[in-house]
Amino acid sequence: MRILVTGGLGFIGSHTCVELLNENYEVVIADNLSNSSIDVLDKIEKITSKRPKFYEIDVCDKEKVSKIFNENEIDAVIHFAGYKAVGESVTEPLKYYRNNLDSTLTLLEVMKKEKCHNFIFSSSATVYGSPKELPIKENFPLSTTNPYGTTKLMIEQILADLSKADKDLSIIVLRYFNPIGAHKSGLLGENPSGIPNNLMPYIVRVADKKLPFLNVFGNDYDTPDGTGVRDYIHVVDLARGHLKALEKGANFKGIEYYNLGTGIGYSVLDLVKTFEKVNNVKVPYKIVDRRPGDIDACYADPTKAYKELGFKAIYGIDDMCIDSYNFIIKNKESHK
Ligand code: UD1
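For every chain, the first residue of the written sequence is number 1, and numbering continues from 1 onward in sequence order. For a predicted model such as this one, the threshold for reporting local features is a pLDDT of at least 70, and the threshold for listing and counting side-chain atom pairs is 80 or more; totals across whole chains, interfaces and linings nevertheless cover every residue. In computing side-chain values, all of the structure's heavy atoms are included and hydrogens and water are not.

> Help me understand the overall build of the protein, please; the structure alone is not making it clear to me.
Across its full length, the protein carries 11 helices and 14 strands. Taken against the 2.2 N^0.38 rule, which gives 20 Å for 336 residues, the C-alpha radius of gyration of the protein at 19 Å falls within 12% of a compact globule. The principal-axis extent of the C-alpha atoms belonging to the protein is close to 55 × 45 × 40 Å. Evaluated residue by residue, the protein yields a buried proportion of 53% over its 336 residues. Any pair of residues with heavy atoms lying within 4.5 Å of one another is described as a contacting pair. Considering only residue pairs separated by 6 or more positions, the protein has 79% of its internal contacts joining residues 24 or more positions apart. Accessible area for the protein stands at about 15,200 Å²; split by element, carbon and sulfur atoms hold 50% of it. By the counting scheme adopted, Arg and Lys are positive, Glu and Asp are negative, and His together with the chain ends is not counted. In plain terms, the charge of a residue is placed at NZ if it is Lys, CZ if Arg, CG if Asp and CD if Glu. One way to put it: in the protein the 42 positive side-chain charges average out to a point 2 Å from where the 45 negative ones average out. Helix and strand definitions here come from DSSP, where helices need a minimum of 4 consecutive H or I residues and strands a minimum of 2 consecutive E residues; each element is numbered from the N-terminal end. In this description the radius of gyration comes from C-alpha coordinates, and the expected globular size is given by 2.2 Å times residues to the power 0.38. Each residue is assigned to one of three classes by its accessible area relative to the maximum for its type, calculated with a 1.4 Å probe on protein chains only: buried under 20%, partly exposed between the two thresholds, exposed over 50%. Per-residue and other accessible areas follow the Shrake-Rupley method at a 1.4 Å probe size, with only the shown protein chains counted as cover for residues.

Right, dumping it as structure tokens:
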């Protein structure tokens, strides 16, 4: 089976390409390198001994997307490409709506023309807004708090409408909880430029003494230690979830939604303490004001993905902390 992976050189995309290649799928990557680096292609090859076909294109460019389909028989598309910084989406909403919606519509139009019927979409737990109950099930009400999240929700709506109109389609929407960790080899991981927005990239830079301390955004949340609770999932587990979704998609028509999480919530301080312990480093922190838009707690009910996809996360929080740090120390040059 030949899979087109958009955003295949990004954090989750690259780990998914490795898992696909290890399972002997053929992989074609489309990535415009806007938030990724071409070195990742070499690293994927180093890990798997296979070099995926690569197109440096913007997925909003219909002619170029069509060219990929003309040159390769594509059986399924996994669509990761998209902007994902919550804060930036608030200050630059048009950029987010234009890019995230346009790329998805373009891909879907070309797929329709080329009769490619299998689509897997990277959604996010952000579509559950501020959940009234925990753990979060797929049928909970949906809402968003920022333009990034709204692009995910709008795309989910487009996919639901499309699925009603085209009965040949198989669409799987994967709602990711908080992906962290890195490939065990230390070759692939998350490498945001500038000051990181998300918790784990910030922790690793503090541990590596590139930043003086972590700002813990609030300790008065309704959680056991007062700091925010999230469902962190190892990126390799998340990547494996896409293979399960592909297997499901091959024998199914319609649209389905799955949470990809572990079902376990850890607080900011749980993560800091675990990181310090397993890596034997110090992560100094200060409690500061809450970050606007953050919620108390968010963790998945992973039962549906387990029952219907046979997916279960195998890595625990210790592995996530060890692998995140391992990636940073093995790649020091690029983090100066
Ligand atoms: C955000 C996005 C989510 C996206 C995820 C990963 C929203 C509302 N959230 O999740 O869609 O999938 O990023 O890209 O759309 N924290 C600190 N100090 C920091 C950074 C974070 O204390 O410097 C705390 C936060 O308050 C939160 C937890 O750490 O309690 C996790 O934050 P973060 O890693 O940014 O992820 P989310 O906000 O959960």
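> How should the pattern of salt bridges be read in this particular structure?
Any two side chains of opposite charge can pair if their charged atoms end up close together. Salt bridge, as used here, is a side-chain nitrogen of Lys or Arg placed within 4 Å of a carboxyl oxygen of Asp or Glu. Here the structure, examined in full by the defined rule, presents 19 salt bridges. Linking Lys84 and Glu190 is a salt bridge whose minimum nitrogen-to-oxygen distance equals 3.8 Å. With Lys84 in the loop between strand S4 (76-79) and helix H4 (86-91) and Glu190 in the loop between strand S7 (178-180) and helix H7 (199-207), this residue pair connects regions lying 106 residues apart in the sequence. Within the structure, one salt-bridge network assembled from shared partners comprises Asp42, Glu45 and Arg51.

> Any chance you could explain helix H9 (residues 268-279) here in plain terms?
Since there are 3.6 residues in each turn of an α-helix, residues three or four apart along the chain are aligned in direction. By this rule the span expected of a helix is its residue count minus one, scaled by 1.5 Å. The end-to-end C-alpha distance of H9 is 17 Å, a good match for the 16 Å that 12 residues give at a rise of 1.5 Å each. Within H9 the residues assigned to the buried category are Val268, Leu269, Leu271, Val272, Thr274, Phe275 and Asn279.

> Got a minute to help me understand the site of the ligand in this structure?
If you check the shell around the ligand, you find 20 residues, and the closest are Thr126, Asn215, Arg230, Arg291 and Asp294. In the environment of the ligand, an oxygen atom lies 2.8 Å from a nitrogen or oxygen atom belonging to the backbone of Leu199. Coverage of the ligand by the protein amounts to 88% of the 740 Å² it exposes when considered alone. For the shell around the ligand, the elements supplying multiple residues, two or more each, are H7 and strand S8 (214-217). Among the elements that line the shell around the ligand, the one with the most residues is S8, at four residues. Residue polarity is assigned by list, with Asp, Glu, Lys and Arg as charged and Ala, Val, Leu, Ile, Met, Phe, Trp, Tyr, Cys and Pro as nonpolar; anything else, Gly included, falls into the polar class. Taken together, the residues that form the shell around the ligand break down as nine nonpolar, eight polar and three charged. The cutoff for a nearby residue is simple: one of its non-hydrogen atoms must lie within 4 Å of the molecule or strand. In the analysis that follows, any N or O atom pair within 3.5 Å is treated as a polar contact, provided that within protein one partner can donate a hydrogen and the other can accept it, and provided that, for residues neighboring in sequence, both atoms belong to side chains.

> Would you take a moment to explain the nonpolar core for this structure?
Generally speaking, a soluble globular protein has its nonpolar side chains buried in company with each other. Definition used in this section: a nonpolar core is a set of buried Ala, Val, Leu, Ile, Met, Phe, Trp, Tyr and Cys residues joined via side-chain atoms within 4.5 Å. Residues Ile3, Leu20, Ile44, Leu174 and Leu246 are the most contacted members of the largest nonpolar core, which totals 37 residues. The residues touching Leu246, leaving out its near neighbours within four places in the chain, are Ile3, Leu20, Tyr25, Ala76, Ile78 and Ile120.

> I keep staring at the sheet that holds strand S6 (residues 170-176) and nothing clicks. Help me out?
The strands that make up a sheet pair up through hydrogen bonds in the backbone, lying either parallel or antiparallel. In space, the seven strands of this open sheet follow the order S3-S2-S1-S4-S5-S6-S11, with parallel pairing throughout. The strands lining the two open edges of the sheet, one partner per strand, are strand S3 (53-55) and strand S11 (254-260). The sheet shows a mean angle of 20° between the axes of neighbouring strands, taken without regard to direction. Bridge analysis of strand S5 (residues 118-124) against S6 gives seven bridges, and the strand direction is parallel. Following the sheet pairing, Phe121 is matched in S6 by Val173. Between N-to-C directions, angles span 0 to 180 degrees; the directions come from axes that are lines fitted to C-alpha atoms, helices contributing only their stretch in contact. With respect to the sheet, helix H3 (residues 62-71) is in contact with strand S1 (2-6), strand S2 (26-30), S3 and S4, its orientation differing from that of S3 by roughly 160°. Sitting on the sheet, helix H6 (residues 147-165) touches S5, S6 and S11, and the angle it makes with S5 is about 150°. Should DSSP find at least two bridges between two strands, the strands are taken to pair.

> What should I look at first to understand the packing of aromatic side chains in this one?
Here a ring pair, both rings aromatic, is described through the centre-centre distance and the interplanar angle of the planes. Here a pair means two rings of Phe, Tyr or Trp (six-membered ring of Trp) with centres within 6.5 Å. Their orientation is stacked below 30 degrees between planes, edge-to-face above 60, and tilted elsewhere. One pass over the structure, following the stated rule, counts three aromatic pairs. On the numbers, 5.4 Å between centres and 75° between planes, the contact of Phe275 with Tyr325 is edge-to-face. A residue pair is termed long-range when its members are at least 10 positions apart, and Phe275 in helix H9 and Tyr325 in helix H11 (residues 317-330) qualify at 50 residues. Each member of the pair Phe275 and Tyr325 is classed as buried. In this structure, Lys304 packs its charged tip against the face of Tyr258, placed 4.8 Å from the ring centre. Throughout this description, the term charge over a ring refers to an Arg CZ or Lys NZ atom that lies within 6 Å of the ring centre and within 35 degrees of the ring normal.

> Would you mind going over the pairing of S6 with me for this structure?
Across the seven residues of S6, seven count as buried, placing the element largely inside the fold. When the strands point away from the viewer and the path from the first strand over the helix to the second turns clockwise, the crossover is right-handed. In terms of handedness, the path from S5 via H6 over to S6 forms a crossover that is right-handed. Alignment of S6 against S11, held across seven bridges, turns out to be parallel. Residue pairing in the sheet places Tyr176 in a bridge with Leu260 of S11.

> Sorry, what's going on with the packing of helix H5 (residues 93-114) against H6 here?
Two quantities define a packed helix pair, namely the angle between the axes and the distance from one axis to the other. Between H5 and H6, whose axes approach to 9 Å, the crossing angle comes to 25°. Classified by the angle their axes make, H5 and H6 are roughly parallel. Judged by the sense of rotation from one axis to the other, the crossing of H5 with H6 is right-handed. Of the residues in H6, those in contact with Pro93, Tyr96, Tyr97, Asn100, Leu101, Thr104, Leu105 and Leu108 of H5 are Pro147, Tyr148, Thr150, Thr151, Met154, Ile155, Ile158, Leu159 and Leu162. Its residues placed into classes, the contact of H5 with H6 shows 13 nonpolar, four polar and no charged. With respect to orientation, any angle under 35 degrees is reported as roughly parallel, any angle over 145 as roughly antiparallel, any angle of 65 to 115 as roughly perpendicular, and every other angle as oblique. Handedness of a crossing is defined here by the sense of rotation of the near helix relative to the far one, left-handed for an anticlockwise turn of less than a right angle and right-handed for a clockwise turn.

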